[in-house]
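As a plain string of letters, each chain reads:
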Amino acid sequence: MHEMAVFEKLTDIFQATEASLHNSVFGEHPAVNCLVAHTHDNPDVPVAYIMWFFNYSSFLDRRGLYLEDIYVQPAHRGNGLGSMALKHLARLAIEHGCGRFEWVVLDWNQNAIDFYQRHGAEILPEWRIVRLTGDALHRLAQQTLEA
């Protein structure tokens, strides 16, 4: 995961630890699902991972499947792992009655954009991610609930 944070130039916000991830995946209330890929000749060394969770669409009145992370180490790209991951998650989405399967991609990652579009994904340029974190999140949470 740290390799992905380095690749995406987001190490300044990376906080995951082995313990925190264990809780997120295997804790009493798991927040995310995860698959780890490895090679046949070295099954103890991960070369790729995908993380996803279910969300909800009020307009569709159905759950959705949200791909949080997909990462394949550079030396293992081009071998079909990313395609297998997308196909697997698409099947899971259908099996769970999801109305959509979605994720975000960094606007500068043209290789990923092209890869996703080759698999039939539509890039939605009119949508923007809205996010509250850190101090801004705490400030808003501490405000009174008055209009």
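See the structure shown above.
Reference entry: report on the structure contained in this document. (Residues numbered from 1 in each chain as written. Predicted model: local features only at pLDDT ≥ 70, side-chain atom pairs only at ≥ 80, totals over all residues. Heavy atoms only, no water.)

## Concerning a nonpolar patch on the surface
- Together, Leu 132, Leu 137 and Leu 140 line one region of the surface with nonpolar side chains, adding up to about 260 Å² of accessible area.
- Tracing the chain through its elements places Leu 140 in helix H5 (residues 134-142). (Patch = residues over 30% accessible without salt bridge, like charges linked within 9 Å, V, L, I, M, F, W, Y side chains within 5 Å. Areas by Shrake-Rupley, 256 points an atom, 1.4 Å probe, with all protein chains shown as cover. Salt bridge = Lys/Arg side-chain N within 4 Å of Asp/Glu carboxyl O. Helix = DSSP H or I, 4+ residues; strand = E, 2+ residues; numbered from the N terminus.)

## Overview of the nonpolar core
- Membership of the largest hydrophobic core comes to 14 residues, with the highest contact counts inside it found for Ile 50, Trp 52, Leu 65, Leu 67, Ile 70, Leu 89 and Tyr 116.
- Every element with two or more residues in this core is listed here: strand S2 (42-57), strand S3 (62-72), helix H3 (81-95) and helix H4 (110-118).
- For this core, the element with the highest residue contribution is H3, accounting for five residues.
- Judged by nonpolar contacts, the second largest core, of six residues, contains Val 25, Val 32, Tyr 49 and Met 51. (Core = buried A, V, L, I, M, F, W, Y, C linked by side-chain atoms within 4.5 Å. Buried < 20%, exposed > 50% of the residue type's maximum accessible area, 1.4 Å probe, protein only.)

## A word on the packing of aromatic side chains
- In the structure shown here, the tally under the stated rule is six aromatic pairs.
- Between the aromatic rings of Phe 7 and Trp 108, the centroid separation amounts to 5.7 Å while the plane-to-plane angle is 55 degrees, which identifies the pairing as tilted. One end of the pair, Phe 7, is in helix H1 (residues 2-7); the other, Trp 108, is in the loop between strand S4 (100-102) and H4, with 101 residues separating them in the sequence.
- Exposure remark for Trp 108: the relative accessible area of 38% places this residue in the partly exposed category.
- Put simply, the rings of Phe 101, Trp 103, Phe 115 and Tyr 116 pair up and form one aromatic cluster.
- Positioned above the aromatic ring of Phe 54 is the side chain of Arg 63, whose terminal nitrogen or guanidinium carbon lies 4.4 Å from the ring centre.
- The ring of Phe 7 carries Arg 77 above its face, with NZ or CZ at 5.3 Å from the centroid. (Phe/Tyr/Trp six-rings, centres within 6.5 Å; stacked < 30°, edge-to-face > 60°. Lys NZ or Arg CZ within 6 Å of the ring centre and 35° of its normal.)

## A word on the pattern of salt bridges
- Inspection of the entire model under this criterion finds one salt bridge.
- One salt bridge connects Glu 102 with Arg 100, and the closest N-O pair in it is separated by 3.3 Å.

## Some details on unusual backbone geometry
- The backbone of Lys 9 shows a phi angle near 60 degrees, a positive value even though the residue is not glycine.
- Following the sequence through the fold, Lys 9 ends up in the loop between H1 and helix H2 (18-26).
- At Asp 61, a position not held by glycine, the phi torsion is positive, near 50 degrees.
- For Asp 61, a relative accessible area of 55% puts it in the exposed group.

## Some words on the sheet that holds S2
- Read from one edge to the other, the open sheet built from four strands follows the order S1-S2-S3-S4, with strand pairing classed as mixed. Because the sheet does not close on itself, it has two edges, and the strands there are strand S1 (33-39) and S4. Each adjacent strand pair in this sheet contributes to an overall mean axis angle of 25 degrees, direction not counted.
- In the sheet, S1 pairs with S2 via seven bridges, with the strands oriented antiparallel. Bridge pairing links Cys 34 to Met 51 in S2. (Pairing = 2+ DSSP bridges. Axes fitted to C-alpha atoms, helices over the stretch in contact; angles between N-to-C directions.)

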